[in-house]
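One-letter residues, chain by chain:
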Amino acid sequence: GENVEQHPSTLSVQEGDSAVIKCTYSDSASNYFPWYKQELGKRPQLIIDIRSNVGEKKDQRIAVTLNKTAKHFSLHITETQPEDSAVYFCAASSPGSSNTGKLIFGQGTTLQVKP
Amino acid sequence: DTGVSQNPRHKITKRGQNVTFRCDPISEHNRLYWYRQTLGQGPEFLTYFQNEAQLEKSRLLSDRFSAERPKGSFSTLEIQRTEQGDSAMYLCASSLGRGVYNEQFFGPGTRLTVL
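Residues numbered from 1 in each chain as written. Chains lettered and ligands numbered in written order. Predicted model: local features only at pLDDT ≥ 70, side-chain atom pairs only at ≥ 80, totals over all residues. Heavy atoms only, no water.

Q: Explain the overall build of chain A here, please?
A: On a plain count of helices and strands, chain A comes out with zero helices and 11 strands. The order of α-helices and β-strands along chain A, N terminus first, is β-β-β-β-β-β-β-β-β-β-β. For chain A, whose C-alpha radius of gyration is 14 Å, the value lies close to the compact-globule estimate of 13 Å for 115 residues. Counting the 115 residues in chain A, one finds 44% classified as buried. Surface summary for chain A: the accessible area is close to 5,600 Å², and the carbon and sulfur share equals 46%. Taken together, the 12 basic and 12 acidic charged side chains of chain A have centroids lying 4 Å from each other. (Helix = DSSP H or I, 4+ residues; strand = E, 2+ residues; numbered from the N terminus. Rg over C-alpha atoms; globule rule 2.2 N^0.38 Å. Buried < 20%, exposed > 50% of the residue type's maximum accessible area, 1.4 Å probe, protein only. Areas by Shrake-Rupley, 256 points an atom, 1.4 Å probe, with all protein chains shown as cover. Lys, Arg positive; Asp, Glu negative; His and termini not counted. Charge placed at Lys NZ, Arg CZ, Asp CG, Glu CD.)

Written out as structure tokens, the structure reads:
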């Protein structure tokens, strides 16, 4: 079945350093890959997404790369700040038979940015 | 607040009782999703509505679970004869558009505790 693996499960960095979170997916038909940030007790919020026809996308300090051949995508956060501390989830969406747009999520990465 | 809203935010119930949750999506969003999130895990897809039609249900959705979206606006998720394993955060998300390239906006969730 559809599966998304996410690593690492926890990541601790010093303020100003970069953080990288990696995900792999199993369904080769997946064509949409969003990343969500979830702060403690709050709802998941989309921070960036990428479509399968794009290899890289950047938004200020956040970038996502996609390697369709390897079925692998990554989140890069540069110049990390304490407010970046949260749980980050990758997800993949496949057209499927009914084109639902449902998301298959990874297990999450708890990012801690130390001041 | 024009975001996705969910009620109640917290529900504590005894095993064997029935519970019902409500989700109000963003106005005019034709797509509505229910996910379940347990501690330390990513959200898991439960079911999907396009307007009032329920087009996909996960295998996770046992026959004790039922969801409706009678007028294509708000949705309800009912769990009958609750079990301790049903304890989780139930998240609702909505989106606008077709295909998989559509941002899903999440509600704050309903946290269910089954004693």
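Once the structure has been displayed, the description carries forward.
Q: Just to check I follow, could you spell out the overall build of chain B for this structure?
A: A count of helices and strands for chain B gives zero helices and 11 strands. For chain B, the N- to C-terminal ordering of α and β elements is β-β-β-β-β-β-β-β-β-β-β. Relative to the 2.2 N^0.38 estimate, which gives 13 Å for 115 residues, the radius of gyration of chain B is 13 Å and therefore close to what a compact globule would have. On the principal axes, the C-alpha backbone points of chain B span a range of 40 × 30 × 25 Å. A buried classification covers 50% of the 115 residues belonging to chain B. Across chain B, every contact between residues at least 6 apart in sequence was considered, and the portion connecting residues at least 24 apart equals 53%. Counting only carbon and sulfur atoms, one obtains 45% of the accessible surface of chain B, whose full area is about 5,900 Å². (Contact = heavy atoms within 4.5 Å.)

Q: Please explain the layout of surface pockets as it appears in this structure.
A: The probe, sized like a water molecule, is rolled over the atoms to show the empty space still left. For the largest pocket, the calculated volume is near 550 Å³. Surrounding the largest pocket, 20 residues form its lining, E2 and I104 of chain A together with E44, S58 and L60 of chain B being those nearest its centre. Sorting the residues of the lining of the largest pocket by element identifies β10 (103–105) of chain A together with β5 (44–50) and β6 (53–57) of chain B as the ones contributing at least two each. Tallying contributions element by element places β10 of chain A first for the lining of the largest pocket, with three residues. Residue composition of the lining of the largest pocket, grouped by class: seven nonpolar, seven polar and six charged. The volume enclosed by the second largest pocket comes to roughly 420 Å³. In terms of lining residues, the second largest pocket is bounded by 24 residues, among which Q38 of chain A together with Q37, L39, G40 and R111 of chain B are the most central. (1 Å grid on protein atoms, 1.4 Å probe; cavity = no way out; pocket = protein on both sides within 12 Å on 5 of 7 lines; lining within 4 Å. Points joined across faces, edges and corners; volume = space filled by probe spheres on them. Nonpolar A, V, L, I, M, F, W, Y, C, P; charged D, E, K, R; others polar.)

Q: Can you walk me through the nonpolar core in this structure?
A: Proteins that are soluble and globular tend to have nonpolar side chains buried together. W35, F73, L75 and L111 of chain A are the most contacted members of the largest nonpolar core, which totals 24 residues. Taken together, the elements giving at least two residues each to this core come down to β2 (10–14), β3 (19–25), β4 (32–38), β5 (45–51), β7 (62–67), β8 (72–77), β9 (86–93) and β11 (109–114) of chain A. Counting residues in each nonpolar core, the second largest holds 19 residues, with F21, L46, L112 and V114 of chain B among its members. (Core = buried A, V, L, I, M, F, W, Y, C linked by side-chain atoms within 4.5 Å.)

Q: Can you help me understand the sheet that holds strand β1 (residues 5–7) of chain B in this one?
A: Paired through their backbone hydrogen bonds, the strands of a sheet run either parallel or antiparallel. Residues and elements named next belong to chain B. Read across the sheet, four strands follow the order β1-β3-β8-β7 without closing on themselves; strand pairing throughout is antiparallel. Pairing within the sheet leaves two strands with one partner each, and these edge strands are β1 and β7 (65–68). The average angle at which neighbouring strand axes cross in this sheet is 15°, direction not considered. Relative to strand β3 (residues 19–24), β1 runs antiparallel, the two being bridged by three bridges. Bridging across to β3, Q6 finds its partner in C23. (Pairing = 2+ DSSP bridges. Axes fitted to C-alpha atoms, helices over the stretch in contact; angles between N-to-C directions.)

Q: It is not clear to me how the environment of K114 of chain A should be interpreted in this structure. Could you clarify?
A: Residue and element names in this part refer to chain A. Relative to the assigned elements, K114 resides in strand β11. Residue K114 is classed as partly exposed on the basis of its relative accessible area of 36%. Separated by 97 residues in the primary sequence, K114 and D17 have C-alpha atoms spaced 9.8 Å apart. What K114 contacts, discounting residues up to four positions off in sequence, is S12, V13, Q14 and E15.

Q: How do you make sense of empty space enclosed by the protein when you look at a structure like this?
A: In this structure the tally under the stated criterion is one cavity of 30 Å³ or more. What the largest cavity holds in volume is close to 40 Å³. Residues of the lining of the largest cavity, tallied by class, amount to four nonpolar, five polar and two charged.

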